[in-house]
Amino acid sequence: MPAKFVVVLGSLMSGLGKGIVTSSILKILDLYGYSALPVKFDGYLNYDCGTMNPYRHGEVFVLDDKSEVDMDFGMYQRFLGKGMTGDLSITGGKLFSHIINKERRGDYLGEDVQIIPHMTNEIISRLENIAKSKKLDVLVIEVGGAVGDIENSYFIEAMRQLALKHKVVFVNLTYVPTLDVVGEQKTKPAQLGFRTIMQLGIMPDFMVCRTTEPLGEKAREKLSLFTNITKERVIDDSDSFTIYQAPLHFMEQGFDKLLVKDLELNGDRLNKAKLNEWKRMVGKIVNPKYSVNVAIVGKYTKLRDSYISVKESLLHAGAATDTRVNIKWVESSDLENKDELKQLKGMDGVIVPGGFGKRGIEGMINSIRYARENRRAYLGLCLGMQLMAVEYARNACHLEGANSTEFVKDAREKIIYLLPSQKGVRKKGGTMRLGAWKCRIVDKNSAVYKAYKKNVIDERHRHRYEFNNKYLDIVRKNGLKVPAFTMDGKLVEFIEWTDGFGIGTQAHPELKSTLETPAPVFVSFVDAARRLAQERM
Ligand code: GLN
C-alpha cells in the first residue's frame, strides 16, 4: 500500500497545541492498527535545536540516535510509545545546508537553484523516502509556525504539491476566542485563517478549534458555512484536564472515523482493548487516590516547557502509582539565600533537573542538602546527579571546595570534571555525550536495581561532564552508593544515598517515559515521596 499523509497546519498563531493534535492523530492511527510516524518541520535556520536556549524554545529533546530535536518529539513519543529517529525532524537549517552542499558539489550544474522546484522537490522526496524506508501506512506531518509566516511558506507549497501525487488529508488547527464582554465565541479570525490557507491552494479537510469553552453549535454552524466543510469536520479542541484526553475527545466527535475514511483505510480495525487501557490510564490521572508535593528546583522555571519531559514523567509515574503529583516550581537562584529553603517545607520530594551554566547552582546544592537532611525523596537528573555528588562530597565527606569544573575551573576537589576526550572539543552542535547509552547495574541491593529490576538498562544522555572516579572510594566510604556504570565500567551512571531515598543519574530517564511505560526511577521516586511523607506523619 502506498503511504498516505496527514498535514497539520496552524493558522492565526503558534502555540495552540499543534503537537497535541498531531500526537492525537498518531495515537488514533495507532489504535486502528496502522503504522504511523510524525515528521516535524521547523522553519528556523539552526541545523537542529541543540544550540537553542531552553528558555526561549523549550526543552531540547534527545533521541536514541543522538539527534537533538524539537520538544514536540517528546510529545509524539509520549502518545505513540515509540522511539523515533532524527530524520523525522526537518528544519530550514538542514534543508538549506543540504541544497547548498549539493550545489557546491555540482549536482545542479548549469541550473539556477530555486525554492521551486529544487527545495520543494527535496522536501517531497524526503517525505516519500521516510514513508517508504520505514514502511509506514501514514506519515503525519506537523508544520511548525503559523500559515502566513515567511519561514514555512516554501514547505507549505511543498505540501500543496505533495497532494498532487499522493493521498493527503489536511488538518487546520485554529483558534476560536470567547469575547468576555459578550460571552460569545467569535469565529471570524478562524474563518480568515482558513481563507489564508485556501489562498495557498490548499483546502483543509478538517478544522480543529482551540477554545477555552466547548465549541458551541452556533459557532460550529458558522464555521462550516463559511469554510465549505461539513459540520462534523469542525472539531472541538477545548481545554481538558489532561492532554492525554485529547485523542479520546476527538474520537467522541467521530474525528477518527472520518479521518480513517478520508485516508481510505479500514475503519473496522479499532483495537478496543488498547483504547480501554488508554482510558484507564487517563482515569488514573484525573482521579487518583493519593497525592504528593514535589519541588522542581531549576533555573528555567519561568518557562515550564523547558522541563516538559520531567513534568510529564511525574504525571506518568503518578498514573502508575495512583498518585496526583503536585509540582511546585522553585527558582534555584532564590535558594542561594538559605532562608528561602522554607519554600521546600511542605514538599515530599525534590528534583533537580538537567541544566547548563553557573546561575543558581548553589541554590540547587542547598535544596539537595535540605532533601538529604530532612528525609525528602530526591531525584537528580544529569546536572542534578552531578550536584548531588558535589553536595555529598562537601557535606558528608567534608571535601571542602568540592565542585564541578563546569562552574569553578580550578576547583580544589574536582568531583565532576571534563573527560580528556571532551577537552579539545570546540564545536557546539552534536558534540556532547548524546543519545542512548547502555548501563550495567552492579549492585542488586540498590534502589536503582529495585526500580529497573534488571541488570542492563538503556537511557538517553546529553552532557559533557562526568563523575571523577578518583573520588569513588572516598564517597563510597562515606556512605554514597555507586550502583551503576557504563558497560565498560568506566563512567558512573547512577549514585544513591544509603539513607532515605535519593537517586542521581547521569542520564535523562525522563526522555523515555510514556503514559503506558513510565520511567522506573520516577515511579520509585513518587512511591518513596509518599512513603517518606507517611513516615513523617
Ligand atoms: N551541564 C552538565 C554537563 O554538561 C549537565 C548537562 C545536563 O544536565 N544535561 O555535563
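Relevant structure appears above.
Residues numbered from 1 in each chain as written. Predicted model: local features only at pLDDT ≥ 70, side-chain atom pairs only at ≥ 80, totals over all residues. Heavy atoms only, no water.

Participant: Let's hear about the overall build of the protein: which residues, and what values?
Facilitator: A tally of regular secondary structure across the protein gives 18 helices and 23 strands. The globule rule puts the C-alpha radius of gyration for 537 residues at 24 Å, and the 25 Å found for the protein is close to it. For the protein, the spread of C-alpha atoms along the three principal axes comes to 70 × 60 × 45 Å. Out of the 537 residues belonging to the protein, those deemed buried represent 58%. Across the protein, the fraction of contacts at a sequence separation of at least 24, relative to all contacts at a separation of at least 6, is 74%. Carbon and sulfur atoms provide 50% of the accessible area of the protein, an area that totals close to 22,600 Å². For the protein, the distance from the average site of its 79 positive side-chain charges to the average site of its 66 negative ones is 3 Å. (Helix = DSSP H or I, 4+ residues; strand = E, 2+ residues; numbered from the N terminus. Rg over C-alpha atoms; globule rule 2.2 N^0.38 Å. Buried < 20%, exposed > 50% of the residue type's maximum accessible area, 1.4 Å probe, protein only. Contact = heavy atoms within 4.5 Å. Areas by Shrake-Rupley, 256 points an atom, 1.4 Å probe, with all protein chains shown as cover. Lys, Arg positive; Asp, Glu negative; His and termini not counted. Charge placed at Lys NZ, Arg CZ, Asp CG, Glu CD.)

Participant: If you had to explain the pairing of strand β17 (residues 413-418) to someone new, which residues and values would you point to?
Facilitator: Alignment of strand β16 (residues 402-404) against β17, held across 3 bridges, turns out to be parallel. Bridging across to β17, Ser-404 finds its partner in Ile-416. Where β17 and strand β20 (residues 465-467) come together, 3 bridges link them in antiparallel fashion. From the neighbouring strand, Ile-416 faces β20, where its bridge partner is Phe-467. (Pairing = 2+ DSSP bridges.)

Participant: With reference to specific residues and values, describe the nonpolar core.
Facilitator: Counting residues in hydrophobic clusters, the biggest one holds 85 residues, and the most contacted among them are Val-6, Ile-25, Leu-127, Ile-141 and Met-159. Counting residues per element, this core draws most heavily on helix α1 (residues 18-31), which supplies 7 residues. Setting aside anything within four residues of it in sequence, one finds Met-159 in contact with Val-7, Ile-123, Leu-127, Ile-141 and Phe-170. Counting 43 residues, the second-largest nonpolar core is a separate cluster that includes Ile-365, Leu-383, Ala-402 and Tyr-471. (Core = buried A, V, L, I, M, F, W, Y, C linked by side-chain atoms within 4.5 Å.)

Participant: Any chance you could break down the pattern of salt bridges for me, citing the residues and the numbers?
Facilitator: When the charged atoms of two side chains with opposite charge come close together, those side chains can pair. Counted under the stated rule, the structure contains 37 salt bridges. Across the pair Lys-134 and Asp-87 runs a salt bridge, and its minimum N-O distance is 3.5 Å. Taken together, the residues Lys-134 in the loop between α5 (115-133) and β6 (138-143) and Asp-87 in the loop between α3 (72-80) and β5 (89-91) connect sequence positions 47 residues apart. We classify Lys-134 as partly exposed; its relative accessible area is 26%. Take Asp-87: its relative accessible area is 37%, and that puts it in the partly exposed class. Notably, a salt bridge pairs Arg-210 with Asp-239, separated by 2.7 Å at the nearest N-O pair. (Salt bridge = Lys/Arg side-chain N within 4 Å of Asp/Glu carboxyl O.)

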